Structures are given as C-alpha cells and as structure tokens.
2 protein chains.
Amino acid sequence: MANSEDNGVANAGEAIAVEPVVTDLPGHQLVLGADEPLRLASGQLLGPFTVAYQTYGTLNAEKSNAILVCHALTGDQYVSEPHPVTGRAGWWSGVVGAGLTIDTDDYFVICVNVLGGCMGTAGPKDINPKTGTPFGLDFPVITITDMVAAQKRVVEHLGIEKLFAVIGGSMGAMQTLEWASRYPEMVFCAIPIAGAARHSAQNIAFHEVGRQAIMADPSWHGGDYYSQDTGPRRGLSVARMAAHITYLSDSALHTKFGRNLQDRQAITFGFDADFQIESYLRHQGSTFVERFDANSYLYITRAMDYFDMAAEYGDNLPAAFKNSQVRFCLVSFTSDWLFPTSESRQIVYALNAVAASVSFVEIETESGHDAFLLEEPEFHRILAGFLRGAAEQRGLNGKAATP
Amino acid sequence: MANSEDNGVANAGEAIAVEPVVTDLPGHQLVLGADEPLRLASGQLLGPFTVAYQTYGTLNAEKSNAILVCHALTGDQYVSEPHPVTGRAGWWSGVVGAGLTIDTDDYFVICVNVLGGCMGTAGPKDINPKTGTPFGLDFPVITITDMVAAQKRVVEHLGIEKLFAVIGGSMGAMQTLEWASRYPEMVFCAIPIAGAARHSAQNIAFHEVGRQAIMADPSWHGGDYYSQDTGPRRGLSVARMAAHITYLSDSALHTKFGRNLQDRQAITFGFDADFQIESYLRHQGSTFVERFDANSYLYITRAMDYFDMAAEYGDNLPAAFKNSQVRFCLVSFTSDWLFPTSESRQIVYALNAVAASVSFVEIETESGHDAFLLEEPEFHRILAGFLRGAAEQRGLNGKAATP
C-alpha cells in the first residue's frame, strides 16, 4: 500500500514484481506481466506475477467450448478434484465433471486462483524480490477488476478469443459480472449466481469484523507473520466463524442443529461447546486456517468491499452493460440473506434497461447463500437448461447441445 | 465452574460467597443470600452476593405501582439518567421518565443489574473471599432463571407483593417471560419486546463467535486478566462489532451508511476504515470496552444461549404458562432478524393455547432489533395504550389511568 522505496515497494510507474511462486500443487502456473505489467485499479503496475489455474476437459479445435469458473472468497482452482491440502472433494465437484451439469466431456473448464490468493497465484505471502521477504501488507490492494484482468491474460494465453460461458457464485458472480461488463466481446454467456453489483453496507460490516479479528491477533504482527512460528490462527478462525454464519440461513441452522447438544445429555454450565452449532463453527474455523493465508483473507475481502460496478458510470448500473450481446442467466436463492434476491433483481433491472438477453430465477431453498455449493436439484436443472440452450445458439455439438 | 476446593470454589452444598461489591456508582446496592443462599439452575448455591439496582419515581402506599424494567445483554440499571461511566443518556431515557410513556410521575420503576453483570451486581470480576482474588471463570455460570430469582429478592426486599408490570426487550424479554412463567402471582402484566422463548441456533452461533473472539485474545489470560495491565480489549471489541451488526437491519445499514466513505473522497486501496460503516463499527467496539467487563460478556451471552423455557416442560411451551392470569403484551419489529416476529408468534400461540390474556403487535420499522431502544412512535403508542388499560384494570389512579 505504501509507495516509498523504503519498504521496497515500487514507485508509481515502476512495476511491482512478485518473485515467481513455486509450488508442487497440481495444475498449471503461468508468469504474466513480465513484458507488459498489469495496471491495477489502484494505478499501480504489477508484473511479473504468477497465476495458478486448473483445467478440466478438452478445448475443442475451434476453442469455442471453454467455460471459465470464477471461485468465491475462500475457494480456489480445485473445482472438481480432491483439494491438495485438505484432501476433501473439490468445491464444485457435484457440478463440474464428466456427465455432470457442467459436463467436462463437452466443455473445457478453466478456474484461476484469484490475484491476492494463496493457492499458487501471487498474493501477500509471496516474496518481494526487492526485499527478499514476503510482501505482507506491502502487496498492492487488488480489486475484482484486477482479478478479472489477470484471468483475461490466462484466457488469451490459452488462445481463446471468446469464452462460451463465465460462471460463478458469490464473489465468483462479481467476477462474472465484471467479465460481461468489461470484456463483453469475450463472453458468450454469463451466469452470476447469488451475486450483487456492489457490496452492501451489511456485507462490508461483516468483512470488517473478520479483518479486525485477524488484525487483533498479536500473531498477525502487522501482516509480517511469515517468519514467525505461527500466524494469526485464532483471529483467522474467528473471522471464518463469523463469516460462516452468514453463509447459512437461520432456518437451515435451526433444521441442522437447533439447540441440539454435542455429545452430552445436558448443558454443562460452562463455556465448552455444549451445542452442536458451537462445535460445528469451531471446526469450520480451525480447519480453515490449515488451508488459507490470513493476509489473503484481508485482501480478498477488501476486493469484494470495493466492488461497485455502477460507480464508474455515475451510479448508473445499466451503463455498465450498454449494448451487451452477452446472454445472462442470474440465479438467486430465497433464503440467502448475504446476497439476497433483491441484489440480483437490481442487476436484472439494469440489464432490462439496456435490452440485454437475461433469464432470472429465484430458487426456493432453505440452504442460504451456500446453496450454490450444495446439491440443489432445481438449481442444477436451471443451469443445465440454460447451458443447453446457449450451446445450441453457439453451435456447439456434444451432449450439451442435445436436448 | 470447577467444583473443587483447590481453586477456592465451594463444594456442592456449600454456598459460593462473593465479597460485597463496593462501588461509588449511583443507585442502590443490597447484599442478598447471606441467610438463605440462592440456589442456581446449575445446582450451586450463591450467597452472600451483591445486587445493584436503580429506581425512578415513587412507590405508592399500596405498593401497587411498581414496574420492573429488565435490561438487555449490555444494558444496565441506568435506564433514565446519564450513564455514570460514559455520561451518555440512559438506554431508555426516551421511554422512562416524568411525562414519558412509562411515566415516573405515576409509576415506581425498578431496574436491577443482572447477576453476572459488571455494574455493581456480583459477577466474574468480583472477589472470591476464599482466594482474595477475582473469580474470573470460577464464578458460577448463571441463567436467565437465576437473574430473575435475584430480582425477585430485590422486589421482596422493597415489600412489593405484586409488580404492576414487568417489561424488557431482547434479553429483557427473556427475563420478562421468565417472571411471568415462574412467579405469575407477582406479575400483573408482562411486556416482552423483541424476545423469544428460547435462543435460536443462529443466535447461539453469533454469541459463540463473540466469546471465541474474547478467548482468542491473549490478554484474556483464561479469564484471569484483572491483575494484568490490560484485559482482552481487542477481543471484546471484535465481539461487540459482530454483535452490533445483528442489532441493525440490512436496510437500516443501507439507509444510514450505504457505501458512503468516511472523511475521504475516494477509496484508499488499503485497510483503513474507508467506509463509514467500518468507522462506525470500530467506534462501537472501542467505546464498549470502556464500560463492560469481558468475562461478564461471556457469562451473560451464555445465560441467553441456555434460555429455553419449554425445556423443563418436555418442550411443551404452553405448559410454562398454564392457568396464567398475567396480561401479556408482546411486541416485535418487522426488520428484526435477530429476534424475528416468528419467535414472538410462537409465544403468542403458546399463550393462546392456555387461554391467557395476550395482545401482540408487530411494528413496521426499518430499525431492526434495536428498534426497542429508539424513537419508534408506534411502539410508544402501543406501550402507552396497553399500560393505560392495564392500569385501569389494576385500579391505579394517576395520569396513567386517565385516558
């Protein structure tokens, strides 16, 4: 953030280089911006920097069957394979795969770890070659626009002129909207799920609580914890717990946990996890810290907070989609209170105002914001149907085009 | 919590004594339980222990005009006067006072700092005479039932056989319901506002996040921070920030703050409080720690989590109000998502099932859970009307009984 030579961060005009990230993680890595640095929304230049991505399926000869999947805040590029750190199934392994809704027998699926992330793409834990130490908070603050600009370079590197589809839930929906607005000529159809065109005050508030929890942890050390024995594990865990509540609906929590006790017959009159919901949240917190970098959490939440598509159009959201030829399919979930249907509806109004092609479905479910990650048959039906129709329009063969 | 002699906590059967709390705070203090200890819901005995309370108005000769106001989680007995620590107006100074909705020219208003609190009533920061040091987590875990049992002794001490009304919002509503259920012969009318008959899974979850934030702070020292230079100020601040979001509605946050920036023209691409909502939350957190004890926060949130009126009646809530002669008036607020209308409605159904006298009003407001603390004209009208009617039935003279 600071821009002086003292801390080894480049002056304005000079590109911020990130030492190539070397990992033994599965998937692909690409060094971008060596010749032409990426101009960030902050005005800073970034390059060279590493981007990690994963692909599933095969790109056809016409390079017309690519689907870019954009991951959410704490997701990554391991969409449809066991996670290399946790060993758990990929976050969309129920959606993306051979014979599944996004059928990898038909489509070439790409997912890029976002800029600022911690799974092989450049982020605050990587080395600043000027100092030989991790950036920490000297890493430039990035935005959704920056994430998408980096993804565009990956798509170009793969020789793809036009993505068949861009799709994502939550922060992935923000990226999807950004793609459709900023690079409409490169997007045939866009599917923003459980998203918004700007981050709400309540959502900024929850993110701020998470950031303060991390920053309040003395082991955070102002972001310079990488050389310490431990990072801000407890702070990050509290941040995750608070966020996790917002991903679920009140009624889902009631149905799943209610006031059920955890491995005991009666309350213990103490501060142990008497209730299942307490035990569940503590588990969510403690497992998250094993796979996520606390500074990345700061950076990515900040990128979401800063997201406001209409801002650069004088608060006129339709202008962000003027003359768009992109085919949109928006999906929201009734019990999602983090990105409620009203947010998707604002986008639909804006798309209608510019006569864009738009489908919109609100799906009845108790599962809250996380519904897009779960087994939701109606959601999968909607998604399959829209993709099938779009594939026909795009002239794609394969099962996807066969009703 | 532990029950061995080793840590100076009384064995079962032996009462836990709390050294009398000495403060120069305004209001009254009373040492209770010296002769007859209070049996807590945990089975432990407590006594002697101090209870602090405040009163407004004058008790009439018949002792029939007393209204017990029950405070919420972070409230206290300073209902209608400047707070002795912060100097800010009392939390219900817009409702309780001469000529106001709860008119102290007519009524004698009592408010007791809850057991486990930190404004003069015995709590974890007070001295364990067996060790000569503060209890910390050796203070017994208390429940809403225990808080009300202590209040009952104060009411008896004042010579009041029957309270004209018990009233409270949020945790105050829990106490109000407990009073009506446990001591119906002592309550003429009960007004639980924005309450519930049991704490929901989502609400337990938010409390657990707050507790974990406190406990994650190394300055908490397992609860033994009183002899240290500082307590878990940052953890308590994060807990307060998280809780504060739940007190407001999404739309109120949008209306009040939206994405407005704080004292700046543009985002700074950093982690300062760019947005007003961030600045506001940080202020809420930092001011709270000046007036509240972190361990009290643990104890009182736990008491709310444990609240489940139907539990001792085999999950049959109506049984908690069987044959009740108490006149009930329940109030909920449309935008309250912490204690939504559905929770109040469950209580109304239970009261209807036992043919109790019950009024129920859901008030249309954008103010969220905190609406009961704010200037809500319709709420004040409802409250005034119900009190006027009840006063007539009770044969009370004075302005309150005059239409």
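Residues numbered from 1 in each chain as written. Chains lettered and ligands numbered in written order. Predicted model: local features only at pLDDT ≥ 70, side-chain atom pairs only at ≥ 80, totals over all residues.

Undergrad: For this particular structure, what's the right way to read the overall build of chain A?
TA: Of the regular secondary structure elements, chain A holds nine helices and 14 strands. Taken against the 2.2 N^0.38 rule, which gives 22 Å for 403 residues, the C-alpha radius of gyration of chain A at 21 Å falls within 12% of a compact globule. Across its three principal axes, chain A shows a C-alpha extent of roughly 60 × 60 × 45 Å. Residues counted as buried form 58% of the 403 residues belonging to chain A. (Helix = DSSP H or I, 4+ residues; strand = E, 2+ residues; numbered from the N terminus. Rg over C-alpha atoms; globule rule 2.2 N^0.38 Å. Buried ≥ 20, exposed ≤ 12 C-beta atoms within 10 Å, placed from the backbone.)

Undergrad: What is the right way to read the domain arrangement of chain A from this model?
TA: Bring the parts together and some accessible area is lost; that lost area is often taken as the interface size. As far as domains go, chain A holds domain 1 (5–199 + 311–401) and domain 2 (204–301). The residue makeup of the side of domain 1 of chain A that touches domain 2 of chain A, split by class, is 12 nonpolar, 11 polar and three charged. (Domains from an automatic or database assignment. Nonpolar A, V, L, I, M, F, W, Y, C, P; charged D, E, K, R; others polar.)

Undergrad: Sorry, what's going on with the sheet that holds strand β12 (residues 187–193) of chain A here?
TA: Strand pairing in a sheet takes place through backbone hydrogen bonds and is either antiparallel or parallel in direction. Residue and element names in this part refer to chain A. A sheet is described by the order of its strands in space; here eight strands give the open sequence β1-β4-β8-β5-β11-β12-β13-β14, paired in mixed fashion. The sheet terminates laterally at β1 (28–32) and β14 (357–363), the two strands that pair on one side only. Between one strand and the next, the sheet's axes are offset by a mean angle of 20°, whatever the strand orientation. Of the strand pairs in this sheet, strand β5 (residues 66–70) and strand β11 (residues 163–169) are connected by four bridges, and their pairing is parallel. Bridge pairing links C70 to G168 in β11. (Pairing = 2+ DSSP bridges. Axes fitted to C-alpha atoms, helices over the stretch in contact; angles between N-to-C directions.)

Undergrad: What's the story with the interface of chain A and chain B in this structure? I'm lost.
TA: Counting residues at the interface gives 42 residues for chain A, matched by 42 residues for chain B. Of all the secondary structure elements, the ones that give two or more residues to the side of chain A that touches chain B are α3 (201–216), α4 (233–247), α5 (250–256), α6 (276–288) and α7 (294–306) of chain A. At 11 residues, the largest contribution of residues to the side of chain A that touches chain B is made by α3(A). Looking at the side of chain A that touches chain B residue by residue, the class counts come to 24 nonpolar, eight polar and 10 charged. (Contact = placed C-beta atoms within 7 Å.)

Undergrad: I tried to follow the packing of helix α4 (residues 233–247) of chain B against helix α6 (residues 276–288) of chain B on my own but got confused; where do I start?
TA: Angle between the axes and distance between the axes are the two parameters that describe a pair of packed helices. Residue and element names in this part refer to chain B. Between α4 and α6, the shortest axis-to-axis distance is 8 Å and the interhelical angle comes to 130°. With respect to α6, the element α4 is oriented oblique. Handedness of the crossing formed by α4 with α6: right-handed. Note on element contacts: α6 touches α4 through L281, Q284, G285, S286 and F288, opposite L236, S237, V238, R240, M241 and H244. (Parallel < 35°, antiparallel > 145°, perpendicular 65-115°, else oblique. Left-handed = near helix turned anticlockwise from the far one by under 90°.)

Undergrad: For this particular structure, what's the right way to read helix α2 (residues 171–182) of chain A?
TA: Residue and element names in this part refer to chain A. Under the 1.5 Å per step criterion, the end-to-end length of α2 is 16 Å for 12 residues, consistent within 8% with the ideal 16 Å. In terms of residue burial, α2 counts as a mostly covered element, since 11 of its 12 residues are buried. All buried positions along α2 are accounted for by M171, G172, A173, M174, Q175, T176, L177, E178, W179, A180 and S181. (Expected span 1.5 Å × (residues − 1).)

Undergrad: How do you make sense of the relation of the copies chain A and chain B when you look at a structure like this?
TA: What relates the two chain copies is a rotation about an axis together with a slide along it. The two copies are related by a screw motion: chain A maps onto chain B through a turn of 180° and a shift of 0.0 Å along the axis, at an RMSD of 0.0 Å. Here the symmetry operator amounts to a two-fold rotation axis. Mapped onto chain B, 100% of the interface residues of chain A are again interface residues, and the two copies thus contact each other with one and the same surface. (Least-squares fit on C-alpha atoms with pLDDT ≥ 70 in both.)

Undergrad: Explanation requested: the pairing of β14(A) in the structure shown.
TA: For a regular strand, the rule is simple: side chains alternate between the two faces of the sheet. All names here are of chain A. Relative to β14, strand β13 (residues 327–333) runs parallel, the two being bridged by seven bridges. Bridged to F333 within β14 is I363. Regarding topology, helix α8 (residues 341–353) serves as the crossover connection from β13 to the parallel β14, and that connection is right-handed. (Right-handed = clockwise from strand over helix to strand, strands pointing away.)

Undergrad: Can you walk me through the environment of B:Y306 in this structure?
TA: On the secondary structure map, B:Y306 appears in helix α7 (residues 294–306). The exposure class of B:Y306 is buried, given the 24 C-beta atoms found within 10 Å. A sequence separation of 153 residues divides B:Y306 from B:R153, and the C-alpha atoms of the two residues are 22 Å apart. Not counting chain neighbours up to four residues away, the residues in contact with B:Y306 comprise A:I267 and B:T143.

Undergrad: I'm lost on the sheet that holds strand β1 (residues 28–32) of chain B in this one. Help?
TA: Residue and element names in this part refer to chain B. The sheet built from eight strands is open, its strands ordered β1-β4-β8-β5-β11-β12-β13-β14 with mixed pairing. One side of each edge strand has no neighbouring strand; the edge strands of this open sheet are β1 and β14 (357–363). Direction aside, the axes of adjacent strands within the sheet are offset by 20° on average. Packing of helix α1 (residues 144–157) onto the sheet brings it into contact with β1, β4 (49–56), β5 (66–70), β8 (108–112) and β11 (163–169), and relative to β1 it is tilted by some 110°.

Undergrad: Is there a simple way to explain α6(A) in this structure?
TA: Along an α-helix, residues three or four apart share an orientation, since each turn contains 3.6 residues. Spanning 13 residues, α6(A) covers 18 Å between terminal C-alpha atoms, matching the ideal 18 Å at 1.5 Å per step. Taken together, the buried positions of α6(A) are A:I277, A:E278, A:Y280, A:L281, A:G285 and A:F288. One side of α6(A) carries all its buried residues, which in axial view fall inside an arc of 165°. Where α6(A) is buried, its residues touch α4 and α5 of chain A together with α3 (201–216) of chain B. (Arc of directions from axis to C-beta.)

Undergrad: Would you take a moment to explain the environment of B:I191 for this structure?
TA: Residue and element names in this part refer to chain B. Within the secondary structure, I191 sits in strand β12 (residues 187–193). Residues I191 and V79, spaced 112 residues apart in sequence, show a C-alpha to C-alpha distance of 16 Å. When near neighbours in sequence (up to four residues on either side) are disregarded, I191 contacts A165, I167, T176, C329 and F386.

Undergrad: I tried to follow the packing of α3(A) against α7(A) on my own but got confused; where do I start?
TA: All names here are of chain A. Relative to each other, α3 and α7 sit at 160°, their axes nearing to 10 Å. Here α3 is positioned roughly antiparallel relative to α7, judged by the angle of their axes. Judged by the twist between their axes, the crossing of α3 over α7 is left-handed. Here I204, H207, G210, R211 and I214 of α3 lie close against α7, whose contacting residues are A294, Y297, L298, T301, M304 and D305.

Undergrad: Got a minute to help me understand the environment of B:T131 in this structure?
TA: All names here are of chain B. With respect to the helices and strands, T131 occurs in the loop between β9 (127–128) and β10 (133–134). A residue is classified by how many C-beta atoms lie within 10 Å of it, and T131, with 13 of them, is partly exposed. C-alpha of T131 to C-alpha of L317: the two residues are 186 residues apart in sequence and 42 Å apart in space.

Undergrad: I tried to follow unusual backbone geometry on my own but got confused; where do I start?
TA: What is expected of a backbone is that most residues other than glycine have negative phi and most peptide bonds are trans. Backbone torsion omega between A:G47 and A:P48 reads -5°, so that peptide bond is classified as cis. Note on placement: A:P48 falls in the loop between β3 (45–46) and β4 (49–56). If you check the backbone angles, A:A194 has positive phi at about 50° while not being a glycine. With respect to the secondary-structure elements, A:A194 resides in the loop between β12 and α3. Positive phi values are uncommon outside glycine, yet B:D263 reaches one of about 50°. Structurally, B:D263 is set in the loop between α5 (250–256) and α6.

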